[in-house]
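# Structure at a glance
Take a look at the letters that make up each chain.
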Amino acid sequence: MKNKIVIFILAALALIALPLVAQQFGQGWVRILAIALLYVLLALGLNIVVGYAGLLDLGFVAFYAVGAYMYALLASPHLAENFAWFAQMFPDGLHTPIWVVVPAAALLAAIAGVLLGTPVLKLRGDYLAIVTLGFGEIIRVFMNNLEHPVNITNGPRGLDRIDAMNIFGFSFGKAVEIFGFRIPSVTLYYYLFLALVVLSVVICYRLETSRIGRAWMAIREDEIAAKAMGINTRNMKLLAFGMGATFGGVSGAMFASFQGFVSPESFSLMESVMIVAMIVLGGLGHIPGVILGAVMLAALPEVLRYVAGPLQEMTGGRLDASILRQLLIALAMIGIMLARPRGLWPSPEHGKAAPTPTPAR
């Protein structure tokens, strides 16, 4: 027990000091760390649906988009500029406080999750994946086209001038100076995302060890047997979709405030595929594995930007840097999955080898 406490304290100190060290090499590295934490939050949400309940969801990015656009509309001057009646009520624009807009984004995403889950309760496997994939693309196309006849999302041009997070007058969009040491805005967002990840890990762990978590895992292993044991599979599935979508909505709100700009291109199918790959690569249903997979796949493409450039120069510019970067990512994923088919850090009950039979005497 004492060893675990020491490890937790050392890990906490390392996570706190990491951006302070990284910012000495440029704010781009701190931004990579912050984006990685944002993807950890997304992966933990999808892990509830895929890892715990066993429901393959390829449209999770839709909830991410819902949260981002909710925050962008409630914390930017877009509505005041496009609707005269709105400008009369809020002449300075609607700059909603975080205590309202983040819960609103979570609630709207949860409602969207339940609405998605209701018609697909009877589907499993590939059929469920196809339907959820379609839902994610519908939301993206909807955001892309909701410009005419009434301009709500500003279409493919996206929404800009989004307010930074502000808590009790403290703005995460401005650098602060503590004892002569300057902490830039991106580092402040890193700490905000880190706090949300820690809270999410606690919630996920409590869910995993609760009756609800055990019911989800029973449905994942054998839905018919779970139903025969008295588990209300319909309600449990809807709860999984709603709870996972809540994480996506909060992540979207954080993304909108961090970027200061959202557009439909940020919520493509590739984003959903990457989030699913994170939890599969790390280890389905295992929180440490999900975190490891999310950090690796979120940070790896950004780190490989510094590798793909020199490789492109070595080939005389004949290879496109972005394509080369995708090739390196694919090769790394294939290698890892061949070496660790259950994921980098699988859950103990799924990672143990089968017991060897004792020879008869």
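Here the residue index of a chain counts from 1 through its sequence in written order. Since the coordinates come from a predicted model, pLDDT governs what is reported: local features require at least 70, and pairs of side-chain atoms require 80 or more to be given and counted, while whole-chain, interface and lining totals use all residues. Computation of side-chain values covers all heavy atoms of the structure but excludes hydrogens and water.

It is worth spelling out the overall build of the chain at this point. Counting from the N terminus, the helices are the DSSP runs of H or I reaching at least four residues and the strands are the DSSP runs of E reaching at least two. Counting secondary structure elements, the chain contains 16 helices and six strands. Here the C-alpha atoms of the chain give a radius of gyration of 22 Å, agreeing with the 21 Å that 2.2 N^0.38 yields for 361 residues. Taking the principal axes of the C-alpha coordinates as reference, the chain spans close to 85 × 50 × 50 Å. Between buried and exposed lies partly exposed: a residue is buried under 20% and exposed over 50% of the maximum accessible area for its type, with that area taken using a 1.4 Å probe on protein chains only. Put simply, the chain has 361 residues, and 46% of those count as buried. Contact definition: two residues touch when any of their heavy atoms are within 4.5 Å. Sequence separation of 24 or more characterises 72% of the internal contacts of the chain that already satisfy a separation of 6 or more. Charge-centre separation for the chain: the mean point of 24 positive side chains lies 12 Å from the mean point of 19 negative side chains. We compute the radius of gyration over the C-alpha atoms and compare it with the globule rule, which gives 2.2 Å times the number of residues raised to the power 0.38. His residues and chain termini do not enter the charge count, which takes Lys and Arg as positive and Asp and Glu as negative. One atom stands in for each charge, and that atom is NZ of Lys, CZ of Arg, CG of Asp or CD of Glu.

Candidate patch residues must exceed 30% relative accessible area and have no salt bridge, after which like charges are joined if within 9 Å and Val, Leu, Ile, Met, Phe, Trp or Tyr side chains if within 5 Å. Note that accessible areas follow from Shrake-Rupley with a 1.4 Å probe, and for residues the cover is restricted to the protein chains shown. Should a side-chain nitrogen of Lys or Arg be within 4 Å of a carboxyl oxygen of Asp or Glu, the pair is scored as a salt bridge. Taken together, Val21, Phe25, Trp29, Val303, Tyr306 and Val307 make up a surface patch of nonpolar side chains, about 570 Å² in accessible area. Following the sequence through the fold, Val21 ends up in helix α1 (residues 2-22). On the basis of relative accessible area, Val21 is assigned to the partly exposed category, the value being 49%.

In terms of nonpolar packing, the biggest core is built from 101 residues, with Met165, Phe193 and Val262 touching the most fellow members. When residues of this core are assigned to their parent elements, the largest contribution, 17 residues, is made by helix α2 (residues 27-52). To form a nonpolar core, buried Ala, Val, Leu, Ile, Met, Phe, Trp, Tyr and Cys residues must be joined to one another through side-chain atoms within 4.5 Å.

Here we come to helix α12 (residues 269-282). A helix is expected to reach a length of 1.5 Å times the quantity of its residues less one. Between its first and last C-alpha atoms α12 spans 20 Å; for 14 residues at 1.5 Å apiece the expected length is 20 Å, and the two agree. Among the 14 residues that make up α12, 10 are buried, leaving the element largely enclosed by the rest of the structure. Residues of α12 that are buried: Glu271, Ser272, Met274, Ile275, Val276, Ala277, Met278, Ile279, Leu281 and Gly282. After α12 finishes, the residue Gly283 shows a positive phi value of roughly 140 degrees.

This paragraph deals with the packing of helix α3 (residues 61-74) against helix α11 (residues 233-259). The description of two packed helices rests on the angle between their axes and on the distance between the axes. For helices, the fitted axis covers only the stretch in contact; all axes are lines through C-alpha atoms, and the angles between them, taken along N-to-C directions, range from 0 to 180 degrees. Between α3 and α11, whose axes approach to 6 Å, the crossing angle comes to 45 degrees. Viewed along their axes, α3 and α11 adopt a mutual orientation that is oblique. Pair α3 / α11 crosses with right-handed handedness. Judged by residue contacts, Phe63, Tyr64, Gly67, Ala68 and Tyr71 of α3 engage Ala245, Gly248, Gly249, Ser251, Gly252, Ala253, Phe255, Ala256 and Ser257 from α11. Broken down by class, the residue content of the contact of α3 with α11 amounts to eight nonpolar, six polar and no charged. We call two directions roughly parallel when the angle between them is under 35 degrees, roughly antiparallel when it is over 145, roughly perpendicular when it lies between 65 and 115, and oblique otherwise. Here a crossing is taken to be left-handed if its near helix is turned anticlockwise relative to the far helix by less than a right angle, and right-handed if that turn runs clockwise. For this classification, the nonpolar set comprises Ala, Val, Leu, Ile, Met, Phe, Trp, Tyr, Cys and Pro, the charged set comprises Asp, Glu, Lys and Arg, and every other residue, Gly included, is treated as polar.

Relative orientation of the contacting elements α1 and helix α8 (residues 185-208) amounts to 160 degrees, with a least axis distance of 10 Å. As far as their axial angle goes, α8 and α1 are roughly antiparallel. The crossing of α1 and α8 is right-handed. Taking contact as the criterion, the partners of Leu15, Ile16, Leu18, Pro19 and Leu20 in α1 are, on α8, Thr187, Tyr190, Tyr191 and Leu194.

Any functional reading would require information that these geometric values do not contain.
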